[in-house]
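Next come the chains, spelled out residue by residue.
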Amino acid sequence: RQGPSEPLFFLAATTFSSRLIRNDSANEPAASKPLLTLSVMADVIEAAAEPVAESVITYHMEYVPGSLPQVGFWVVVYVALYNIFRAALKDPRTAAKIVNRDEVTGKPTLDFTAGKQHLVAEKLVSMFHCVVCIPFALYITLTDPVTNANRFFAASSASMALLCFSTAYFVNDVLNMFRAKQPLLYCAHHVLSLFLYSLSVLSFMHYYGVIFLLFELSTPFLNVRGIMAILDRKSEKVYKINEIFFAVSFLGARVGFGVYTSWRFWVDALAIWPHTQGFGRVMIGVYMGCNVLFNALNFTWAWMIVKGIIRKIQSANK
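Here is what the cut-offs are and how they apply
Residues numbered from 1 in each chain as written. Predicted model: local features only at pLDDT ≥ 70, side-chain atom pairs only at ≥ 80, totals over all residues. Heavy atoms only, no water. Helix = DSSP H or I, 4+ residues; strand = E, 2+ residues; numbered from the N terminus. Buried < 20%, exposed > 50% of the residue type's maximum accessible area, 1.4 Å probe, protein only. Contact = heavy atoms within 4.5 Å. Phe/Tyr/Trp six-rings, centres within 6.5 Å; stacked < 30°, edge-to-face > 60°. Salt bridge = Lys/Arg side-chain N within 4 Å of Asp/Glu carboxyl O. Disulfide = S-S within 2.5 Å. Axes fitted to C-alpha atoms, helices over the stretch in contact; angles between N-to-C directions. Parallel < 35°, antiparallel > 145°, perpendicular 65-115°, else oblique. Left-handed = near helix turned anticlockwise from the far one by under 90°. Nonpolar A, V, L, I, M, F, W, Y, C, P; charged D, E, K, R; others polar. Core = buried A, V, L, I, M, F, W, Y, C linked by side-chain atoms within 4.5 Å. pLDDT = per-residue confidence, 0-100. Expected span 1.5 Å × (residues − 1). Bend = angle between axes of the 7 residues up to and from the residue.

## Quick notes on the overall build of the protein
Line of reasoning, step 1. Assigned secondary structure in the protein consists of 12 helices and 0 strands.
Line of reasoning, step 2. For the protein, the N- to C-terminal ordering of α and β elements is α-α-α-α-α-α-α-α-α-α-α-α.
Line of reasoning, step 3. The burial tally for the protein puts 47% of its 318 residues in the buried class.
Line of reasoning, step 4. For the protein, long-range pairs separated by at least 24 residues make up 81% of all intrachain contacts whose partners lie at least 6 apart in sequence.

## Describing the side chain of S200
Line of reasoning, step 1. As for its position among the elements, S200 is in helix α8 (residues 184–202).
Line of reasoning, step 2. For S200, a relative accessible area of 2% translates into the label buried.
Line of reasoning, step 3. In contact with S200, other than residues within four places in its own chain, are L163, M205, H206 and Y287.

## Details of the packing of aromatic side chains
Line of reasoning, step 1. One pass over the full model with this rule turns up 19 aromatic pairs.
Line of reasoning, step 2. Each ring, one from F73 and one from W74, has its centre 5.0 Å from the other, and the planes form 70 degrees; the classification is edge-to-face.
Line of reasoning, step 3. Judged by its relative accessible area of 5%, W74 falls in the buried class.
Line of reasoning, step 4. Relative to Y208, the ring of Y207 has its centre 5.0 Å away and its plane inclined at 90 degrees; by these criteria the two rings are edge-to-face.

## Focus: the pattern of salt bridges
Line of reasoning, step 1. One pass over the structure, following the stated rule, counts 6 salt bridges.
Line of reasoning, step 2. Several salt bridges share partner residues, and in doing so they unite R225, E243 and K312 into one network.

## Thoughts on the state of the cysteines
Line of reasoning, step 1. Counted by the stated rule, this structure contains 0 disulfides.
Line of reasoning, step 2. C133 provides the cysteine sulfur closest to C130, a residue in no disulfide bond, and the two sulfurs are 5.5 Å apart.

## Here we look at the packing of helix α5 (residues 114–143) against helix α10 (residues 219–230)
Line of reasoning, step 1. One can describe the packing of α5 onto α10 by two numbers: an axis separation of 9 Å at closest approach and a directional angle of 165 degrees. In terms of their interaxial angle, α5 and α10 are classed as roughly antiparallel. As α5 runs across α10, the sense of the crossing is left-handed. Contact with α5, carried on its side by K116, L119, V120, K123, L124, S126, M127, C130 and I134, involves T219, P220, N223, V224, G226, I227 and I230 of α10 and no other residues of that element.
Line of reasoning, step 2. Of the residues that constitute the contact of α5 with α10, the class distribution is 10 nonpolar, 4 polar and 2 charged.

## Points about unusual backbone geometry
Line of reasoning, step 1. For D232, which is not glycine, the phi dihedral falls at a positive 60 degrees.
Line of reasoning, step 2. Mapped onto the fold, D232 is located in the loop between α10 and α11 (237–272).
Line of reasoning, step 3. A relative accessible area of 48% places D232 in the partly exposed class.

## Comments concerning the nonpolar core
Nonpolar side chains tend to gather and get buried jointly when the protein is soluble and globular.
Line of reasoning, step 1. Membership of the largest hydrophobic core comes to 59 residues, with the highest contact counts inside it found for F112, F152, L162, F265 and I284.
Line of reasoning, step 2. Looking at this core, the elements that each hand over two or more residues are α3 (64–90), α5, α7 (157–180), α8, α9 (206–211), α10, α11 and α12 (279–317).
Line of reasoning, step 3. Counting residues per element, this core draws most heavily on α7, at 11 residues.
Line of reasoning, step 4. With residues up to four places along the chain from it excluded, the contact list for F265 reads F152, M205, Y208, Y287, M288 and N291.
Line of reasoning, step 5. Within the second largest apolar cluster, 8 residues are counted, among which are F246, W301, A302 and I305.

## Notes on the confidence of the model for the protein
Low-confidence regions, as indicated by low pLDDT, have predicted coordinates that should not be scrutinised in detail.
Line of reasoning, step 1. Looking at the protein, the pLDDT average stands at 78 and 76% of residues meet or exceed 70.
Line of reasoning, step 2. For the protein, per-element mean pLDDT is lowest for helix α1 (residues 11–16), which scores 37, and highest for α10, which scores 94.
Line of reasoning, step 3. Predicted confidence for residues 1–60 stays below pLDDT 50, and this span has 119 contacts to residues more than four positions away or in other chains.

## A short note on α11
Line of reasoning, step 1. Here α11 is 36 residues long and its end C-alpha atoms lie 50 Å apart, about the 52 Å a rise of 1.5 Å per residue gives.
Line of reasoning, step 2. The largest bend in α11 comes to about 40 degrees, at G258.

## Section: the environment of K234
Line of reasoning, step 1. On the secondary structure map, K234 appears in the loop between α10 and α11.
Line of reasoning, step 2. Contacts of K234, omitting those with residues within four sequence positions, involve M228, A229, Y239 and K240.

Okay, here's the thing in C-alpha cells:
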C-alpha cells in the first residue's frame, strides 16, 4: 500500500520495484502539517542526530535494492525518449514545420544537420524532466510529513522516487553533454548535480534534494531559448519574450529562492554538525561544500544575464 503523501505519477516507478523497496507508509503520521518555518527543530535534531550518524547507512541501505532499479528504469525511459525525438526530428516533414524558409526562394534558411537534431532532442528530454519534476518537487515539499519532520536524515518512498527520476536524468544528460562537448561551466554544473543526487539516492538529505529541484523552474525557458537559437529564430518576438521569462525565472529561482534555501540549509547544517560523527559528518561537509560551488556557478550565470540585460538597454537607448 502506497503512502497518502506520494504523487500518483510515481506509482509506476515504485510499482516497478515494489517488491524491493521498503514501504515506510506505516511510519508516516496520519495527519501532519509541513514544517516550513525557518527554525531548526532542536528536539528532532537532539533526538535523532547522534544515533543517525552511525545508522544512516543502514537506514538507506534498505532503499538501495529498490532505488537502483528505479534509476535504471528511468535511464531507459530517457534514452527511449531521446531516440523518439531524434527520429521525429530526422523526418523531413518535421524539419519543414520548424525551420524557417526564405520568402523568395522557399528554401530552408538553415541546414538542419544531425548535430542540431541531437541538441534539440536533448533539450526536449530536459523539458520532459522539468515538466515532471517541478510540480512533484513542490508537492512533496509541501505535503510529505516524513522529510519535513527531519530535513537531513529522513526519506520517504515519494522522495526516493523523485530523486531516482532526477538522478537518471542527470546520468543521461552528463553522457550526452560530454558527447556534444558542452562549455566547461555547463559541464561542471551537471556533473556536480549527478554527484549530489547519486549520493542522495544512496544516503540522505532528501528534503533538500527535493526542494533544490525547484531551481529547475528556469530550465524550460532556457530550453526554449536554446531550441530557437539552434533554429535561427532569435529575431522572433516569441524569443524576446522568452528571454524576459528566462531572466526573471533564473534570478528568482536560482538566486533569490536559491539564497533563501541555502541559508536554511546552512542553519540546519551548522546546528546539527556538533551532534554528528563519521559518515554523517563527512556527508554534511560534502553537501556544504557543493552548496557553495552551486551558488558560485549560479551567481556567475546571474552576472552574465544582468550584463546582457544592461547591454540591451544601452543599445536600445542609442
